[in-house]
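Residue-level structural notes
Spelled out, the chains give:
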Amino acid sequence: MPDRYQNYIAGAWVDPSTEEYVTSINPADNSNIIGEFPSSSPGDAASAISAADEAFKSWGKSSGVGRGAYLTAAAAWLGANSEEFAQAITREAGKAILEARGEVGRAVAILQYYAAEGMNPVGDVVPSMDPNILLYSRRVPLGVVVLITPWNFPLAIPLWKMAPALVYGNTIALKPASATPHVASLIAKMWEAVDLPAGVFNLVSGSGRNIGNELVSNVRTRAISFTGSTPVGRGIAVEAARQNKKYQLEMGGKNPVIVLEDANLEQAAEITVAGAMKYSGQKCTATSRAIVVGGVLQEFTDLVVAKTEALNIGPGAVPENVIMPVIDEASRQNIMDSVSRAVSEGGNILTGGEIASGGDLDSGHFVKPTVMNNVAPDSFIACEEVFGPVLGVISANDVDDATYIANNVAYGLSAGIFTSSLNAALDFANNIEAGIVKVNGETAGVEPQVPFGGMKDSSSGSREQGKAAVEFFTEMKTVYVDRSAT
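This report concerns the structure included in the present document. Since we're looking at a predicted model, the values are computed, not measured.

1. Quick notes on the pairing of strand β11 (residues 246-250)
- Two elements, strand β10 (residues 221-227) and β11, share five bridges in a ladder whose sense is parallel. By the bridge assignment for β11, F226 is matched with L249.
- Taken together, β10, helix α8 (residues 230-242) and β11 constitute a β-α-β crossover, and its handedness is right-handed.

2. A few points about the sheet that holds strand β6 (residues 133-141)
- If you trace the three strands from one edge of the open sheet to the other, you get β5-β6-β21, paired in antiparallel fashion. Edge positions in the sheet fall to β5 (123-126) and β21 (474-482), since each has one partner strand and no second. Put simply, the sheet's adjacent strands are angled 15 degrees from each other on average, direction ignored.
- Inspection of the sheet shows β6 paired to β21 by nine bridges, in the antiparallel sense.

3. Thoughts on helix α1 (residues 42-59)
- Relative to the 26 Å expected for 18 residues at 1.5 Å per residue, α1 spans 25 Å between its end C-alpha atoms, a close match to the ideal helical length.
- Of all the positions in α1, only D44, A45, A48, I49, A51, A52, A55 and W59 are classed as buried. Projected down its long axis, α1 carries its buried residues within an arc of 160 degrees, all on one side.

4. Overview of the nonpolar core
- Membership of the largest hydrophobic core comes to 67 residues, with the highest contact counts inside it found for L78, L111, L155, L159, W191 and F201.
- For W191, the residues in contact, after removing those within four places along its chain, are Y70, L71, A74, L111, L159, M162, L166, L196 and F201.
- Core analysis: the second largest hydrophobic core is formed by 27 residues, L260, I335, A342 and V375 among them.

5. Some remarks on the side chain of E442
- Relative to the helices and strands, E442 is located in the loop between β19 (436-439) and β20 (455-456).
- The buried category is assigned to E442, whose relative accessible area is 17%.
- A distance of 3.5 Å separates polar atoms of two side chains, one belonging to E442 and the other to K278.
- In contact with E442, not counting residues within four places along its chain, are I271, A274, G275, K278 and K283.

6. With respect to empty space enclosed by the protein
- Applying the stated criterion across every chain, the model contains three cavities of 30 Å³ or more.
- Taken together, 15 residues make up the lining of the largest cavity; nearest its centre are G281, S288, E385, V386 and F387.
- Across the lining of the largest cavity, the residue classes break down as six nonpolar, six polar and three charged.
- Put simply, the second largest cavity is a space of about 50 Å³.
- Lining the second largest cavity are 15 residues; nearest its centre among them are P256, Y411, G412, S414 and E433.
- Listing elements by their share of the lining of the second largest cavity, those giving two or more residues are β12 (255-259), α13 (399-407), β17 (411-412) and β18 (414-418).

7. A short note on unusual backbone geometry
- With phi around 60 degrees, N244 is a residue other than glycine that occupies positive phi space.
- Relative to the helices and strands, N244 is located in the loop between α8 and β11.
- At F387, a position not held by glycine, the phi torsion is positive, near 60 degrees.
- Tracing the backbone shows F387 in the loop between α12 (380-383) and β16 (390-396).

Conventions used here
- Residues numbered from 1 in each chain as written.
- Predicted model: local features only at pLDDT ≥ 70, side-chain atom pairs only at ≥ 80, totals over all residues.
- Heavy atoms only, no water.
- Pairing = 2+ DSSP bridges.
- Helix = DSSP H or I, 4+ residues; strand = E, 2+ residues; numbered from the N terminus.
- Right-handed = clockwise from strand over helix to strand, strands pointing away.
- Axes fitted to C-alpha atoms, helices over the stretch in contact; angles between N-to-C directions.
- Expected span 1.5 Å × (residues − 1).
- Buried < 20%, exposed > 50% of the residue type's maximum accessible area, 1.4 Å probe, protein only.
- Arc of directions from axis to C-beta.
- Core = buried A, V, L, I, M, F, W, Y, C linked by side-chain atoms within 4.5 Å.
- Contact = heavy atoms within 4.5 Å.
- Polar contact = N/O pair within 3.5 Å; in protein donor to acceptor, adjacent residues only side chain to side chain.
- 1 Å grid on protein atoms, 1.4 Å probe; cavity = no way out; pocket = protein on both sides within 12 Å on 5 of 7 lines; lining within 4 Å.
- Points joined across faces, edges and corners; volume = space filled by probe spheres on them.
- Nonpolar A, V, L, I, M, F, W, Y, C, P; charged D, E, K, R; others polar.

Laid out in structure tokens, this is it:
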């Protein structure tokens, strides 16, 4: 009998009012059931928000230094239990164990960074035109913040949202992705272990179809931070705008790299393949287009194909494996349909393009890493996010043409260039329409102390992480104190 888990509301573990549960399954082995998790109702979501609202009455008035101390304690606890979390990420999300350990380390760093933010200034004293007036501004918390998070970074993304939310004085209702509720339950276990006051953090599991509207529309919800698909994000934006709530969206990406003729092609191919294929391309910052300029197209393509074919496919628990299972059968079918459409539009499969099978692979959702050429810049595979291990190689006449191709999509999250020219690199950084720019580096992979987010349809405009996070999780209050009145 699988283990059964509960929601975490008002500092207590509680059953869903529906008395219904769904199973979480290891994507590398469909016979491996992780546990049964709540299929919650709108009423359960409302209870989580109500608990957060009640807790905000004291948490929002507490010291930033004191709030940071809870994050420091959580960082220490997470570090001490890091392997449990890493193994859980690999088992539930399918991630390679080395990457899962890296995600846990990143989560610890996020907690440590925002713990220190609790000691930073939250406003300014500003000279008034009237010498008798003390004029100052200060940032104040919003209240209840709903976090809706994806399955591909089931620890790091929730923590990079909740750490700033908490340290700036907000309370939280977290709805994790339906595919990774176990990792979310471990996050709740972490906050319980460090005695975070009841109701400051609340976890409610279930499908967005059942509880999403209540989380977003509840009158007590003051802000929503969402990472996920573009259609869902747009729906949240419409409802939040209708109710005049703050919203923060991180959505799709169609991330390019541009390869110039003066690039180190060995390095460029190695990094491009890593960015495109690690974790089977299931990252919003994964490389999906390689736009190659001039006479190095064939050499670069040959290197990419050779390096892709050398990648090991298999469960993430085996450290030597690089190509992991995709999260579920629906995702695998979407990837295969996208490849078939690319072929119908003139694309040519150089390697991969098939379901990976045989031995242990038959038990999970595996796809062979795929490289395609003859990809038209305006084709479906060149413009729409696939979220799988698929790389399209596109030819460009010169750097201006390559930049135009890179920019001529709806998304603008991450982009890279490979070149030995400083001028070309700086021109690219100025001209590319992307929130994250990499020079001779992988499009995937970011650090927590700097802003994260994209342009165009990739983001709502507000940035996550770094000092930019304070802009979303607080609002400004300006105070005039007229001393002449006393």
